[in-house]
Amino acid sequence: MSDQEEDPDLKNLVFSKLEKTAFLRNIRAQLRAQIYNLVESSNDEIRESKQTPLNNLLRTENGRLALGLVQDLLETLELRYTSNIFKSESAYDPSQCSTAELRNALDLPLDTDAYKNLPILLQLLDKINPDGEKSVSVDTTNKSISENISSNSL
């Protein structure tokens, strides 16, 4: 067999292995995030001067809290590339509102083992609806969310 005949087979084998391990999906997501950041960074000055719903939201405390809840959800679920695009598109700066500050502003417990791996948004929903008999946990080691809903809560 010549080198020219082996190359397509090798390329296909490598490509299929990279697809199976989700490596290519991660690379594509990183590339999209970087391209988006480059495009958006050139438009930052124009965007900041406009009166948009997002800019109006960023000017309010509740607006910043809402964006912080979304950012915390993305980070807790380890959606890093989505989180990067969200930060870039929304101009949200996580350093403006830490997790502890979010919990404090929403009157949620700061250090509770039961809520250790739970997004703040879900903790807030548990607080609003304590009798919902709904338990949700985020297992970041297995990268899954398990949910048990009793028939009474439906």
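Scroll up a little and you will see the structure.
Rules and cut-offs
- Residues numbered from 1 in each chain as written.
- Predicted model: local features only at pLDDT ≥ 70, side-chain atom pairs only at ≥ 80, totals over all residues.
- Heavy atoms only, no water.
- Salt bridge = Lys/Arg side-chain N within 4 Å of Asp/Glu carboxyl O.
- Buried < 20%, exposed > 50% of the residue type's maximum accessible area, 1.4 Å probe, protein only.
- Helix = DSSP H or I, 4+ residues; strand = E, 2+ residues; numbered from the N terminus.
- Axes fitted to C-alpha atoms, helices over the stretch in contact; angles between N-to-C directions.
- Contact = heavy atoms within 4.5 Å.
- Phe/Tyr/Trp six-rings, centres within 6.5 Å; stacked < 30°, edge-to-face > 60°.
- Arc of directions from axis to C-beta.
- Core = buried A, V, L, I, M, F, W, Y, C linked by side-chain atoms within 4.5 Å.

Q: What exactly am I supposed to notice about the pattern of salt bridges here?
A: Oppositely charged side chains can pair when the atoms bearing their charge come close. If you walk through the whole model with that rule in mind, you get two salt bridges. In this structure, Arg-28 engages Glu-19 in a salt bridge whose closest nitrogen and oxygen atoms are separated by 3.2 Å. On the accessibility criterion, Arg-28 (40% relative accessible area) is partly exposed. On the basis of relative accessibility, which here comes to 34%, the residue Glu-19 falls in the partly exposed class. The closest approach of N and O atoms between Asp-107 and Lys-127, which form a salt bridge, is 3.6 Å. Pair noted here: Asp-107 is in the loop between helix H7 (99-105) and helix H8 (120-128) and Lys-127 is in helix H8, with a separation of 20 residues, a long-range link. When its relative accessible area of 59% is taken as the criterion, Asp-107 is described as exposed. What makes Lys-127 partly exposed here is its relative accessible area of 39%.

Q: Is there a simple way to think about unusual backbone geometry in this case?
A: Generally, phi is negative for residues other than glycine and the peptide bonds are trans, each holding for most cases. At Glu-78, a position not held by glycine, the phi torsion is positive, near 60 degrees. Looking at the secondary structure, you find Glu-78 in the loop between helix H5 (61-76) and helix H6 (80-90). A positive phi is found at Asp-107, a non-glycine position, where the angle reads about 55 degrees.

Q: Explain the packing of H5 against H8 here, please?
A: Two measures define how a pair of helices packs: the angle their axes make with one another and the distance between the axes. Running from N to C, H5 and H8 cross one another at 115 degrees; their axes reach a closest spacing of 7 Å. Packed against H5, whose contacting residues are Leu-69, Asp-72 and Leu-73, the element H8 presents Ile-120, Leu-121 and Leu-124 at the interface.

Q: Before we go on, may I ask you to explain the packing of aromatic side chains in this structure?
A: For any two aromatic rings, the description comes down to two numbers: the centre-to-centre distance and the angle of the planes. In the structure shown here, the tally under the stated rule is one aromatic pair. Ring geometry for Phe-86 and Tyr-92: centres 6.4 Å apart, planes at 45 degrees, overall tilted. The pair formed by Phe-86 and Tyr-92 is uniform in burial state, with each residue classed as buried.

Q: It is not clear to me how H8 should be interpreted in this structure. Could you clarify?
A: The α-helix winds at 3.6 residues per turn, so residues separated by three or four positions along the chain end up facing the same way. Looking at H8, one finds that the buried residues are Ile-120, Gln-123 and Leu-124. Along H8, the residues classed as buried sweep out an arc of 100 degrees about the axis, all on the same side. Residues of H8 that are buried make contact with H5 and H7.

Q: Explain H6 to me, please; I cannot follow it from the model alone.
A: Within H6, the full set of buried residues consists of Ser-83, Phe-86, Ser-88 and Ser-90. Directly after H6, the chain includes Ala-91, whose backbone phi takes a positive value near 60 degrees.

Q: When you look at the nonpolar core in this model, what are you seeing that I'm missing?
A: The tendency in soluble globular proteins is for nonpolar side chains to be buried as a group. Among the nonpolar cores identified, the biggest contains 13 residues, and Leu-106 and Ile-120 are the most heavily contacted of them. Looking at this core, the elements that each hand over two or more residues are H5 and H8.

Q: Would you take a moment to explain the environment of Leu-108 for this structure?
A: Looking at the secondary structure, you find Leu-108 in the loop between H7 and H8. What makes Leu-108 buried here is its relative accessible area of 8%. Through-space distance from the C-alpha of Leu-108 to that of Leu-124 is 7.4 Å; in sequence the pair is 16 residues apart.

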